[in-house]
Amino acid sequence: MKKLEEEIERAKREKTPLSFAIIDLDDFKKINDTYGHKIGDVVLKEFVKTAKSCIRKIDTLARVGGEEFALILPSADINAACKIVDRIRKNLNPIKIEDNTYIPLTFSCGITSFKKSDNVDTIYHRADIALYRAKEKGKNRTEVEE
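About the criteria used
- Residues numbered from 1 in each chain as written.
- Predicted model: local features only at pLDDT ≥ 70, side-chain atom pairs only at ≥ 80, totals over all residues.
- Heavy atoms only, no water.
- Helix = DSSP H or I, 4+ residues; strand = E, 2+ residues; numbered from the N terminus.
- Buried < 20%, exposed > 50% of the residue type's maximum accessible area, 1.4 Å probe, protein only.
- Contact = heavy atoms within 4.5 Å.
- Phe/Tyr/Trp six-rings, centres within 6.5 Å; stacked < 30°, edge-to-face > 60°.
- Pairing = 2+ DSSP bridges.
- Axes fitted to C-alpha atoms, helices over the stretch in contact; angles between N-to-C directions.

Novice: I keep staring at the environment of Lys116 and nothing clicks. Help me out?
Specialist: Structurally, Lys116 is set in the loop between β6 (107-113) and α5 (120-136). Separated by 108 residues in sequence, Lys116 and Ile8 have C-alpha atoms that sit 8.9 Å apart.

Novice: Would you take a moment to explain the environment of Pro74 for this structure?
Specialist: Here Pro74 shows up in strand β3 (residues 68-74). For Pro74, a relative accessible area of 8% corresponds to the buried category. Considering only alpha carbons, one finds Pro74 and Glu46, 28 residues apart in sequence, at a separation of 24 Å. Among residues more than four places away in sequence, those in contact with Pro74 are Glu7, Pro17, Leu18, Arg56, Ile58 and Asp59.

Novice: Explain the packing of aromatic side chains here, please?
Specialist: What characterises a pair of aromatic rings is the spacing of the ring centres plus the angle enclosed by the ring planes. Under the criterion given, the structure shown has three aromatic pairs. Each ring, one from Phe47 and one from Phe107, has its centre 5.9 Å from the other, and the planes form 70 degrees; the classification is edge-to-face. One end of the pair, Phe47, is in helix α3 (residues 37-54); the other, Phe107, is in strand β6, and 60 residues separate them in sequence. Given the relative accessible area of 0%, Phe47 is considered buried. Since its relative accessible area comes to 0%, Phe107 is described here as buried. Among the aromatic residues, ring-to-ring pairing joins Phe47, Phe69 and Phe107 into one connected group.

Novice: Hey, could you run me through the sheet that holds β6 in this one?
Specialist: Each strand in a sheet pairs with another by means of backbone hydrogen bonds, the pair being arranged parallel or else antiparallel. Reading across from one edge, β2-β3-β1-β6-β7 is the order of the five strands in this open sheet, with mixed pairing throughout. Looking at which strands have only one partner, the edges of the open sheet turn out to be β2 (60-65) and β7 (142-144). Between one strand axis and the next, the sheet turns through 20 degrees on average, direction left out of account. Relative to β6, strand β1 (residues 18-25) runs antiparallel, the two being bridged by seven bridges. Each residue of the ladder has a partner; that of Ala21, found in β6, is Ile111. Taken strand by strand, α5 contacts β1, β2, β3, β6 and β7, and its axis lies near 145 degrees from that of β6.

Spelled out as structure tokens, the structure:
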């Protein structure tokens, strides 16, 4: 949240775009319940590895809860943010855990863009609204909240 606060201040100061996304791995509890927490940890690490390979050096990916991640995208408008998230989704392969066992992994995402009056709470809240809408619409999708 400290990094998000810093990027909000930078966007205000420099009058540059900033987007923020919350990513939630779909049905992660089911993965833990079926395969155990050790495999759940492998899944989390593989997601992070894939996501980091798809984002820019200036972006920040942070785990904010069990299977929930925040993605801070400086100098990215909403269209650029959606493209970055889509790139992560396209590169996320099923995770191999045994010889012939693969775990399909999908995620839901809520994205919003910085507004002049924003603070950490307001931008996070809008992204969270979009995330819940993505979950309600069937998961494995991205929703935007303006």
